[in-house]
Amino acid sequence: MASLKELVELYVEMENTSSHKKIVGLLTSFFRSLDPDDVRTAAYLVLGTVGPEYEDTELGIREKLAIRSIADAFGISRQKVEKTYSDTGDLGDAAFEFSSNKNSDLTIRDVMDCLTQIKNTSGEGSQQKKIELLAEILARASAMEAKYIMRITLGELRLGFGEQFVLSALAMAFTGDDKNTVYLEEAYNVCTDIGQLAESVSEYGLASIKRFSVKIGRPVRSMLAKRVDKFENLNDKFPEQMAAEEKYDGERIQVHIINENIQIFSRRLDNITDQFPDVVDAVKKHIKAEKAVLDGEVIAFRNENINSFQELMQRRRKYDVEEYVDKVPVVAYMFDIIYLNGKSYLKVPYPHRRTALEEHLEENEKIRLVERTVSADFNEIRSFFDRCIDKGLEGIIIKSVADNSFYQPGKRGWLWVKWKKEYAEDVRDTFDLIIVGFYSGKGKRQGLFGSLLCAVLNKEKNQYETFTRVGTGFTDQDLEEISELLNKKKIKKKPPNLVVEKEMVPDSYIDPSVVIEVLGSQVTESPHHTAGKNKSDKGYALRFPRFLRMRYDKGPLDVTTIEEVRNLL
Ligand SMILES: Nc1ncnc2c1ncn2[C@@H]1O[C@H](COP(=O)(O)OP(=O)(O)OP(=O)(O)O)[C@@H](O)[C@H]1O
């Protein structure tokens, strides 16, 4: 069984390198040294978490409880812990300082079991119980182990790399070839539990993960749409018949149904069931299937009028949910079905999926079918688009009706193509960028940030490349919200998967996890940015960027890719 000591040594080594390759190498050797039983645990812990992305992995321990746990573990006063904390700003360091144990026999499984128990402790007296559990394991740990246990508990491990590194390392460790990473990525789009994926590939090899399918309660990644820059370019993509569906600007939802048990997941795989009791109710009454997984979009909607995305975002809340069910009424528009009564529909062509959806959804005012038209005539598609715009919609999604029009989890391919109002009017483009750093604010922005260093994703090289510096478009509320977020996500050194020129080094780096939508006027060449840069070439940069909105619904792999930027040139 793997000792915690080995994992902690790995953390330290990874913290001391910013070489992408070296990190994958370190992870590979670590995975290789483990029994299959431990690989699952290790896959979570190297990412600083205790379970799959779609489960609530929040342990319910914030600073206050953590301080009490450290004090109890080492028999010192809370004031002493608070003092060290205010000096170092890191409770991991505080745990390190007060621990004197040299003989830890903890295994990675002990840590996982303990943290899981902390997570699952709820109800009356749970705070005290959580403190006791944490104090107990801190007391058993060595100083270095205590430091990292503390960081994982607070969700602050932040080694600056994501699942992508783990997938590469799993490919190397258990198939011996980095090229197989693509199969792991594909499987991870279907089985979004990295622990399960790791365990399967380590125990049964590549063949086992290719067999992953839809499972109720485990969301698959959403299929996405590509874009074209001219309507005429659709001709090549859809030489024969196609379906054009209304495109709504709301939040993507994946609805999992087993009889009366309904779960709703967001595009980022968060379980958002509790935010939408009204949708849950409508699904219970109007989906006529024992078991199903549906795909759709929820939008803010009142008296047959579509309300804004911003309005819908008010439904993102833990408290006063019922009050907001009335304040911000919504409608769920469903457009796909990917599982039905025991059978995966991923490999069923779209026209049959649509028929199955129509057969099992009883339309009513809360849950509806997305409207569409099917035609081979682009004039008809154009008129449908115009009607959508008149109705106040964002645009259309054109979908292939061919025999191979399968549901492709996590893919942005030519089977779905979006055409939006902005493209038609030839206005400026919007980009989904990841924040990788910030420059401090001056004058009116003293104490806040001045601008954000933002990057696009280079999928091929598996790295972020800087693209622009965004300093305008923020409301006062945005400034405050983002500054608070930046404070939480600050990291000490450059993330290993970020490429940045020395001219652009920010005042502080940010763990690459926050996505924003930015409007820009022009993409130009730049010696200062690394987007799309090869050796001595220049990179691309976005000129006159303007912040539009936060995209909490998007994750680090959902950002605009360098391939998409090139397509716009
Ligand atoms: N009929 C529909 N079919 C598929 N997706 C739809 C439909 N209506 C609305 N959508 C939404 O549009 C999104 C597809 O566009 P895209 O793949 O570009 O995602 P996106 O980056 O969020 O889009 P954008 O930023 O352009 O709104 C889906 O994720 C879904 O949320």
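- For the chain, an unreviewed UniProt entry supplies the name DNA ligase and the organism Methanosalsum zhilinae.
- Listed under Catalytic activity (unreviewed entry) in UniProt, the entry text for the chain is "ATP + (deoxyribonucleotide)n-3'-hydroxyl + 5'-phospho-(deoxyribonucleotide)m = (deoxyribonucleotide)n+m + AMP + diphosphate."

1. A short note on the pairing of strand E15 (residues 463-470)
Here is step 1: Counting buried positions along E15 gives 7 out of 8 residues, so the element sits mostly inside the fold.
Here is step 2: Note that strand E14 (residues 449-458) and E15 share 7 bridges and pair antiparallel. If you follow Leu452 over to E15, its bridge partner there is Val470.
Here is step 3: Connecting the antiparallel pair E14 and E15 is a turn made up of 4 residues, with Asn462 showing a positive phi of about 55°.

2. So, the UniProt feature "active site" (unreviewed entry) in the chain
Here is step 1: UniProt marks Lys247 with the feature "active site" (unreviewed entry), using the numbering shown here.
Here is step 2: Relative to the helices and strands, Lys247 is located in strand E2 (residues 242-247).
Here is step 3: Classification of Lys247 as buried rests on a relative accessible area of 15%.

3. A short note on the site of the ligand
Here is step 1: Taken together, 21 residues sit near the ligand, with Arg252, Glu297, Lys418, Lys420 and Lys554 positioned nearest.
Here is step 2: A distance of 3.2 Å separates a nitrogen atom of the ligand from a polar backbone atom of Tyr248.
Here is step 3: The contact in question runs from an oxygen atom of the ligand to an N or O atom on the side chain of Lys420, over 2.4 Å.
Here is step 4: In this structure the site holding the ligand corresponds to the second largest pocket.
Here is step 5: Counting residues per element, the ones that place at least two in the shell around the ligand are strand E1 (224-227), E2, strand E11 (395-400) and strand E12 (412-420).
Here is step 6: Ranked by residues supplied to the shell around the ligand, first place goes to E12 with 4 residues.
Here is step 7: Its residues assigned to classes, the shell around the ligand shows 7 nonpolar, no polar and 14 charged.
Here is step 8: Counting contributing residues per domain, the shell around the ligand is built from domain 1 (224-425) and domain 2 (429-567), each supplying no fewer than three.

4. Section: the layout of surface pockets
Here is step 1: The computed volume of the second largest pocket comes to approximately 1,000 Å³.
Here is step 2: Of the residues belonging to the lining of the second largest pocket, the class tally is 14 nonpolar, 5 polar and 26 charged.
Here is step 3: Residue-level mapping places the lining of the second largest pocket at the junction of two domains, with at least three residues from each of domain 1 (224-425) and domain 2 (429-567).

5. A look at the nonpolar core
Here is step 1: Residues Tyr11, Leu27, Phe31 and Ile70 are the most contacted members of the largest nonpolar core, which totals 114 residues.
Here is step 2: Setting aside anything within four residues of it in sequence, one finds Ile70 in contact with Ile76, Val81, Leu91, Ala94, Ala95, Phe98, Leu138 and Met150.

6. Notes on the confidence of the model for the chain
Here is step 1: Averaged over every residue, the pLDDT of the chain is 93; residues scoring 70 or more account for 99%.
Here is step 2: What the predictor reports for the complex is a pTM of 0.84 with an ipTM of 0.94.

7. Digging into the sheet that holds E12
Here is step 1: Read from one edge to the other, the open sheet built from 5 strands follows the order E1-E12-E11-E2-E10, with strand pairing classed as mixed. Where the open sheet ends on each side, the last strands, each with one partner, are E1 and strand E10 (372-375). Averaged over all neighbouring strand pairs, the angle between strand axes comes to 35°, with direction disregarded.
Here is step 2: Note that E1 and E12 share 4 bridges and pair parallel. Residue pairing in the sheet places Arg227 in a bridge with Lys418 of E12.
Here is step 3: Seen against the sheet, helix H19 (residues 378-390) touches E2, E10, E11 and E12 and runs at an angle of roughly 145° to E11.

8. Quick notes on the pattern of salt bridges
Here is step 1: Tallied over the full model, the rule gives 37 salt bridges.
Here is step 2: Taking the shortest distance from any N to any O, the salt bridge between Lys533 and Glu501 comes out at 3.6 Å. With Lys533 in the loop between strand E20 (522-526) and strand E21 (539-543) and Glu501 in the loop between strand E17 (498-499) and strand E18 (508-510), this residue pair connects regions lying 32 residues apart in the sequence.
Here is step 3: Connected via shared salt-bridge partners are Glu15, Asp90, Asp93, Lys147 and Arg151.

9. Details of empty space enclosed by the protein
Here is step 1: Under the defined criterion, the tally for this structure stands at 1 cavity of 30 Å³ or more.
Here is step 2: Each pocket or cavity is described by its volume, and for the largest cavity that value is around 40 Å³.
Here is step 3: No other element matches the 3 residues that strand E3 (residues 251-258) contributes to the lining of the largest cavity.
Here is step 4: Taken together, the residues that form the lining of the largest cavity break down as 5 nonpolar, 3 polar and 3 charged.

10. Quick look at the UniProt feature "binding site: ATP" (unreviewed entry) in the chain
Here is step 1: Cross-referencing UniProt, the feature "binding site: ATP" (unreviewed entry) maps to Glu245, Arg252, Arg267, Glu297, Phe335, Arg412 and Lys418 in the present numbering. Of the annotated positions named here, the largest cavity is lined by Arg252 and Arg267.
Here is step 2: In this structure Phe335 comes out as buried when scored by relative accessible area, which is 9%.
Here is step 3: Excluding residues that lie within four positions of it along the chain, Phe335 makes contacts with Glu245, Arg252, Asp295, Gly296, Glu297, Leu357, Val370, Lys399 and Trp416.
Here is step 4: Here Arg412 lies in strand E12.
Here is step 5: Those residues within four positions of Arg412 in sequence are excluded, and the remaining contacts are Leu224, Ala225, Lys226, Arg267, Lys418, Lys554, Asp558 and Glu564.
Here is step 6: Polar contacts involving the side chain of Arg412 include one to the main-chain carbonyl oxygen of Ala225, which spans 2.8 Å.

11. Comments concerning the domain arrangement of the chain
Here is step 1: Parsing the chain into structural domains produces domain 1 (224-425) and domain 2 (429-567).
Here is step 2: With centres defined by C-alpha atoms, the gap from domain 1 to domain 2 works out at 29 Å.
Here is step 3: In this assembly, 10 residues from domain 1 lie in contact with 12 residues from domain 2.
Here is step 4: The junction of domain 1 with domain 2 conceals about 1,100 Å² of combined surface from both sides, 35% of it contributed by carbon and sulfur atoms.
Here is step 5: The three residues of domain 1 that bury the most area against domain 2 are Arg267, Arg268 and Phe309, which together make up 46% of that side's buried surface.
Here is step 6: Taken together, the connections running from domain 1 to domain 2 amount to 3 salt bridges.
Here is step 7: Here Glu563 ties to Lys226 by a salt bridge, and the two come within 3.6 Å at their closest N and O atoms.

Thresholds, definitions, all that
Residues numbered from 1 in each chain as written. Predicted model: local features only at pLDDT ≥ 70, side-chain atom pairs only at ≥ 80, totals over all residues. Heavy atoms only, no water. UniProt positions renumbered as here; feature names shortened; annotations may be inferred. Buried < 20%, exposed > 50% of the residue type's maximum accessible area, 1.4 Å probe, protein only. Helix = DSSP H or I, 4+ residues; strand = E, 2+ residues; numbered from the N terminus. Pairing = 2+ DSSP bridges. Near = heavy atom within 4 Å. Polar contact = N/O pair within 3.5 Å; in protein donor to acceptor, adjacent residues only side chain to side chain. 1 Å grid on protein atoms, 1.4 Å probe; cavity = no way out; pocket = protein on both sides within 12 Å on 5 of 7 lines; lining within 4 Å. Sits in = over half its atoms within 2 Å of the grid points. Nonpolar A, V, L, I, M, F, W, Y, C, P; charged D, E, K, R; others polar. Domains from an automatic or database assignment. Points joined across faces, edges and corners; volume = space filled by probe spheres on them. Core = buried A, V, L, I, M, F, W, Y, C linked by side-chain atoms within 4.5 Å. Contact = heavy atoms within 4.5 Å. pLDDT = per-residue confidence, 0-100. Axes fitted to C-alpha atoms, helices over the stretch in contact; angles between N-to-C directions. Salt bridge = Lys/Arg side-chain N within 4 Å of Asp/Glu carboxyl O. Buried area = accessible area lost by both parts, 1.4 Å probe.

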